[in-house]
Amino acid sequence: MYGLPEERNRSQPAEPEDTALRDSFEATIAADERIEPRDWMPDEYRTTLVRQIAQHAHSEIIGMQPEGNWITRAPSLQRKAILMAKVQDEAGHGMYLYSAAETLGVSRDQLVELLLAGKQKYSSIFNYPTLSWADMGAIGWLVDGAAIMNQIPLTRCSYGPYARAMVRVCKEESFHQRQGFEILHTLSHGTGAQHEMAQDAVNRWWWPSLMMFGPPDDESPHTAQSMAWKIKRFTNDELRQRFVDICVPQAAVLELTLPDPDLRLDEPTGNYRYGEIDWEEFKRVLKGDGPCNRQRLEHRTRAHEEGRWVREAAAAYAAKRARAEERLAA
Ligand SMILES: [Fe+2]
Ligand SMILES: [Fe+2]
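Okay, so let's go over this structure. (Residues numbered from 1 in each chain as written. Chains lettered and ligands numbered in written order. Predicted model: local features only at pLDDT ≥ 70, side-chain atom pairs only at ≥ 80, totals over all residues. Heavy atoms only, no water.)

1. Examining the overall build of the protein
Rules: By definition, any uninterrupted DSSP run of H or I lasting at least four residues is a helix, any uninterrupted run of E lasting at least two residues is a strand, and each is numbered from the N terminus. Residue exposure (1.4 Å probe, protein chains only): buried if accessible area is under 20% of the type maximum, exposed if over 50%, otherwise partly exposed. We call two residues contacting when some pair of their heavy atoms lies within 4.5 Å. Here the accessible surface of atoms and residues is derived via Shrake-Rupley with a 1.4 Å probe, and residues count as covered only by protein chains that are part of the display. Counting rule applied: Lys, Arg positive; Asp, Glu negative; His and chain ends not counted. By convention, the point assigned to a charge is CZ for Arg, NZ for Lys, CD for Glu and CG for Asp.
Assigned secondary structure in the protein consists of 14 helices and two strands. Across the 330 residues of the protein, 46% fall into the buried class. Across the protein, every contact between residues at least 6 apart in sequence was considered, and the portion connecting residues at least 24 apart equals 78%. A total accessible area of about 17200 Å² is found for the protein, and carbon and sulfur atoms account for 54% of it. Across the protein, the centroid of the 40 positively charged side chains sits 6 Å from that of the 49 negatively charged ones.

Here's what the structure looks like:
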């Protein structure tokens, strides 16, 4: 039904009114107004957004796995209920985002196919394993915390449907971040073994969470254009710095340490300087060689296949209802 934007537009001849349309697009961006689905937009803007929103949607859905893995082992009924609600929220985020991507002329089915074929990416953070209950705390505090840092500026993104989806997503992410902090706080102030478990989780999740902001600015191929289009409002390194600055005092409240001997306050700027990030590890995991890449995609593929009958039944029911409504209206 739909072609991906690149395919669909490749065959179209350049229209004479393109310059006027481009001017109006540029003026909308310059005025800090929103581009809406029916507005003309350059092919590259559309393609960039499809890539980014799809990757974001896939991350929400794949991101359900590391934590879903602990629902049956949560230490109390209350913890189980909270974790279930959180994982369910992530499914909801995926749905908002696939819907936002659909306004750009791709279907959710196409995007899911591309994910399962390994042709579109999701955030590398979800290729790390969750080894203990404390990982639920570290993921909430650091991974959802980094996600919020990335996503709050997206509520001001130039593309309307993406920006609006982010408003609700961010509210839920802030609940996720606080529940993670609370898990770690409880463990850290519990028995010696619990404190050690919390510290071990933070040691494993700290560096991957810094990698969530993407490569350094001078190696980030899309940053300049995305900033010019106001899709992105801050660079990767700016957001990473903000995240570090927020986490250091929070770690002190948790009475946990961050695993970086080079971490220190730079008095003149008020920023915390941090050690070298292992970008080789980042590239390795991104290329598919992380601890859980294969497992995550296999699980998603199996869940997709096992859910096929549900999707078919829902579609058949919707069609039957539509026919009945048509008959009533006739
Ligand atoms: Fe989310
Ligand atoms: Fe979240």
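2. Focus: the coordination of the iron ion (ligand 1)
Tetrahedral coordination by four donors places them ideally at 109.5 degrees to one another around the metal; octahedral coordination by six donors ideally gives 90 or 180 degrees. To keep things clear, this is the line we draw: Coordinating donors are taken as N, O and S atoms within 2.8 Å of the metal, stretched to 3.2 Å for Na, K and Ca; because water is absent from the atoms, sites can appear incomplete. Donor angles set the geometry label: tetrahedral for four donors if every angle is between 85 and 135 degrees, square planar for four and octahedral for six if opposite donors exceed 155 degrees and the others are between 65 and 115, irregular for anything else.
Protein-derived ligands of the iron ion (ligand 1) are Glu 60 (OE), Glu 90 (OE), His 93 (ND1) and Glu 173 (OE), with the metal-ligand distances lying across 2.0 to 2.2 Å. Here the iron ion (ligand 1) is ringed by four donor atoms whose angles at the metal span 84 to 144 degrees, and the overall shape comes out irregular. Each donor residue of the iron ion (ligand 1) belongs to the same chain, with the gaps between them written as E-x29-E-x2-H-x79-E. Separating the iron ion (ligand 1) from the iron ion (ligand 2) is a gap of 3.4 Å, bridged by Glu 90, which donates to each. Separated by 83 residues along the polypeptide, Glu 90 in helix H5 (residues 77-102) and Glu 173 in helix H8 (residues 160-188) bring together distant segments of the chain. In this structure, Glu 90 and Glu 173 share a single accessibility class: buried.

3. As for the coordination of the iron ion (ligand 2)
Protein-derived coordination of the iron ion (ligand 2) comes from Glu 90 (OE), Asp 144 (OD), Glu 173 (OE) and His 176 (ND1), at a distance range of 2.0 to 2.2 Å. Each of the four donor atoms bound to the iron ion (ligand 2) contributes to angles spanning 88 to 160 degrees, and the resulting shape is irregular. Donor residues for the iron ion (ligand 2) sit on one chain with the sequence pattern E-x53-D-x28-E-x2-H.

4. Quick look at unusual backbone geometry
For Lys 230, which is not a glycine, the phi torsion comes out positive at approximately 60 degrees. Within the secondary structure layout, Lys 230 lies in the loop between helix H10 (223-228) and helix H11 (236-254).

5. Details of the environment of His 189
Just so we agree on the cut-off: Here a polar contact means two N or O atoms within 3.5 Å. Within protein one must be a hydrogen donor candidate and the other an acceptor candidate, and residues neighboring in sequence count only if both atoms are side-chain atoms.
Tracing the chain through its elements places His 189 in the loop between H8 and helix H9 (192-211). Each C-alpha atom of the pair His 189 and Glu 255 lies 8.1 Å from the other, and the pair is 66 residues apart in sequence. Of note is the side chain of His 189, whose polar atom sits 3.3 Å from the side chain of Glu 255.

6. Observations regarding helix H12 (residues 279-289)
In plain terms, the rule: Along the arc lie the directions from the helix axis toward the C-beta atoms.
Restricting attention to buried positions, one finds in H12 the residues Trp 279, Phe 282 and Val 285. Across the axial projection of H12, the buried residues extend over an arc of 125 degrees, all falling on one side. In H12, those exposed residues whose orientation departs by more than 90 degrees from the buried face are Glu 280, Lys 287 and Asp 289. Tucked inside the fold, the buried residues of H12 contact H9, H11 and helix H13 (293-306). By the N-cap criterion, in which a side-chain oxygen at the helix start approaches the backbone nitrogen of a residue two or three places on, H12 is capped by Asp 278, the distance to Glu 280 being 3.2 Å.

7. Examining the packing of aromatic side chains
Convention followed: Put simply, two rings from Phe, Tyr or Trp (the six-membered ring, in Trp's case) pair if the centres are within 6.5 Å, and we call them stacked under 30 degrees between planes, edge-to-face over 60, tilted for the rest.
Enumeration over the complete set of coordinates arrives at eight aromatic pairs. Seen in terms of ring centroids, Trp 141 and Phe 181 are 6.4 Å apart; in terms of plane orientation they differ by 70 degrees. Their pairing is edge-to-face. You can see Trp 141 sitting in helix H7 (residues 134-151) and its partner Phe 181 sitting in helix H8, a full 40 residues away along the chain. For Trp 141, a relative accessible area of 0% corresponds to the buried category. Between Trp 279 and Phe 282, the aromatic rings sit 5.2 Å apart at their centres with planes inclined by 90 degrees, giving edge-to-face as the arrangement. Here Trp 279 and its partner Phe 282 are both found in helix H12, three residues apart, which amounts to about one turn of the helix.

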